[in-house]
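Each chain is listed here by its residues.
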Amino acid sequence: MAPTLTLRACVVLLAWLASAAATAEVWQADQKSGALRFVATQAGARFSGHFGDFQVRLDFDPKEPANARLDVTIATRSANTADTDRDEVLRSQDFFWVARFPQAVYHAVGLKREGKAWVTSGTLTLRGVTQPIAVRFELKPRQGSFTMQGGATLRRLEFGVGQGDWASTTWIGDPVDVAFELKLARDSAAVSP
Amino acid sequence: MPLRNTPARYGSVAQTLHWVIVGLLIVQFTLGKIAEDLPNGFDKLVILARHKSFGITILALALLRLAWRLFDRPPPIPPMPGWQATAARISHFSLYTLLFAMPLTGWTMSSASNYPVSWFGLVQLPDLVAPDPALKEALQEVHETLSNILLALASLHVAAALKHQFLDRDGLMFRMLPWRLR
């Protein structure tokens, strides 16, 4: 019994490895599988918030990282800082202008290895402005899947987030740190090229 | 004027702490009232940030003042009816309590609304509680109510000092003033 089971397991594992080696796999995550947070500075104090609605899609073959694709779509309306007054300001024209720009989109092709981490050099489109942003993350195998953990730093004023008085970096810091921790799931619906 | 209290009056340390805190409390009431009437926006953020920085300053000064008071006991109060002496003790105790309760409820409220407090943009203070909108609402009521009690007690305190000075003519007010008017 035992050798048969082991043999069968080996066959399944080899088949899986073969398929993984042959084609890129598509992984996905959203707000149910982790958190996408941001940390900004207000009146000299750092505070954090998160996005309650986003989708992450990672098209990734470890053998061909140069062809990997990372796509992230964030509903700007879902910015949540645990204060309804501030969230209202974030949705207004002076910040995310969600009525006109309901989504922030990150898109990157190609991953580079830097130590244990992967680094992308993609672009973020936020409030109608597209700027290059590097995202650094680690992929850790976990229960037949991966956890994707990392972040990026952006300058909010490059995207026009914070108009008029709000552009003052004395009161609202320019750099904003974004951090995520996601459990990736295999996208069975996706057909990999 | 000596640094320490004498039997006749408070010393310069106690007097300085008293009057600096008086000045800051006036600033705090003014900023608090202005912020209350402002719409949600940039000006409100700036005014409340200042309000918090001054509030933390008062908390630090109140700690210093209490420590100094324990180290350097206040001069005895002049002869007066027993009920007045008791009323003075109770109101002084309450004023001290409020000097701590006002900044601490404000700080906690700020933490509960996920607005961590920074002291004039120089030092970020730790959060006292996790973000909690319901707690924030409750603390806002408490903070405002306490500020009204503080205003009433401070008015009573001033009225009593003026009564001693100008009706009883017992010179009580000079105990907290750097000069003698007569």
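Bear in mind the structure is a predicted one, so any value in this text is a computation, not a measurement.

Caption draft 1: Quick peek at the overall build of chain B. Looking only at helices and strands, one finds four helices and two strands in chain B. Shown N-terminal to C-terminal, the secondary structure of chain B runs as helices and strands in the order α-α-α-β-β-α. The principal-axis extents of the C-alpha atoms in chain B amount to approximately 50 × 30 × 25 Å. Counting all 182 residues of chain B, 23% fall into the buried class.

Caption draft 2: Representation of the overall build of chain A. When helices and strands are counted, chain A shows two helices and twelve strands. Taken from the N to the C terminus, the helices and strands of chain A come in the order α-β-β-β-β-β-β-α-β-β-β-β-β-β. Across the 193 residues of chain A, 29% fall into the buried class. A separation threshold of at least 6 residues defines the contact pool for chain A, and within that pool the share at least 24 residues apart is 57%.

Caption draft 3: Looking closely at the packing of helix α3 (residues 82–112) of chain B against helix α4 (residues 133–168) of chain B. Residue and element names in this part refer to chain B. Closest axis-to-axis distance for the α3/α4 pair is 9 Å, and the angle between their directions is 155°. Relative to α4, α3 is oriented roughly antiparallel. The handedness of the crossing between α3 and α4 comes out as left-handed. Among the residues forming the contact of α3 with α4, the class breakdown is 16 nonpolar, nine polar and one charged.

Caption draft 4: Structural view of the interface of chain A and chain B. With 15 residues of chain A in contact, the opposing surface of chain B contributes 15 residues. The set of elements that each furnish at least two residues to the side of chain A that touches chain B consists of β3 (45–51) and α2 (84–91) of chain A. In the side of chain A that touches chain B, the residues fall into seven nonpolar, three polar and five charged.

Caption draft 5: Structural context of helix α1 (residues 12–37) of chain B. Residues and elements named next belong to chain B. Taking 1.5 Å as the rise per residue, α1 with 26 residues should run 38 Å; its terminal C-alpha atoms sit 38 Å apart, in good agreement. Taken together, the buried positions of α1 are occupied by Ala14, Leu25 and Gln28. If you follow the buried residues of α1, they end up packed against α2 (42–71).

Caption draft 6: Here's a closer look at the nonpolar core. In this structure, A:Leu58, A:Met148 and A:Leu184 are the most contacted members of the largest nonpolar core, which totals 50 residues. Ranked by residue count, the leading element in this core is strand β12 (residues 175–186) of chain A, at five residues. With sequence-adjacent residues up to four places away left out, A:Leu184 is seen in contact with A:Trp27, A:Gln28, A:Ala29, A:Leu58, A:Ser145, A:Phe146 and A:Met148. Among the nonpolar cores identified, the runner-up in size contains seven residues, and B:Ala62, B:Leu98, B:Leu99 and B:Met102 belong to it.

Caption draft 7: How the structure looks around the pairing of strand β8 (residues 111–114) of chain A. All names here are of chain A. Both β8 and strand β9 (residues 117–126) contribute to a ladder of four bridges, which runs antiparallel. Across the sheet, the residue bridging to Glu114 is Ala117, located in β9. Here β8 folds back onto β9, and the loop between the two strands holds two residues, one of which, Gly115, carries a positive phi near 65°.

Caption draft 8: How the structure looks around the environment of A:Leu154. All names here are of chain A. Within the secondary structure layout, Leu154 lies in strand β11 (residues 145–155). Take Leu154: there are 20 C-beta atoms within 10 Å of it, and that puts it in the buried class. Each C-alpha atom of the pair Leu154 and Gln103 lies 17 Å from the other, and the pair is 51 residues apart in sequence. Setting aside chain neighbours within four positions, we find Leu154 in contact with Leu124, Ile133, Val176 and Val178.

Here is what the cut-offs are and how they apply
- Residues numbered from 1 in each chain as written.
- Chains lettered and ligands numbered in written order.
- Predicted model: local features only at pLDDT ≥ 70, side-chain atom pairs only at ≥ 80, totals over all residues.
- Helix = DSSP H or I, 4+ residues; strand = E, 2+ residues; numbered from the N terminus.
- Buried ≥ 20, exposed ≤ 12 C-beta atoms within 10 Å, placed from the backbone.
- Contact = placed C-beta atoms within 7 Å.
- Axes fitted to C-alpha atoms, helices over the stretch in contact; angles between N-to-C directions.
- Parallel < 35°, antiparallel > 145°, perpendicular 65-115°, else oblique.
- Left-handed = near helix turned anticlockwise from the far one by under 90°.
- Nonpolar A, V, L, I, M, F, W, Y, C, P; charged D, E, K, R; others polar.
- Expected span 1.5 Å × (residues − 1).
- Core = buried A, V, L, I, M, F, W, Y, C linked by C-beta atoms within 7 Å.
- Pairing = 2+ DSSP bridges.

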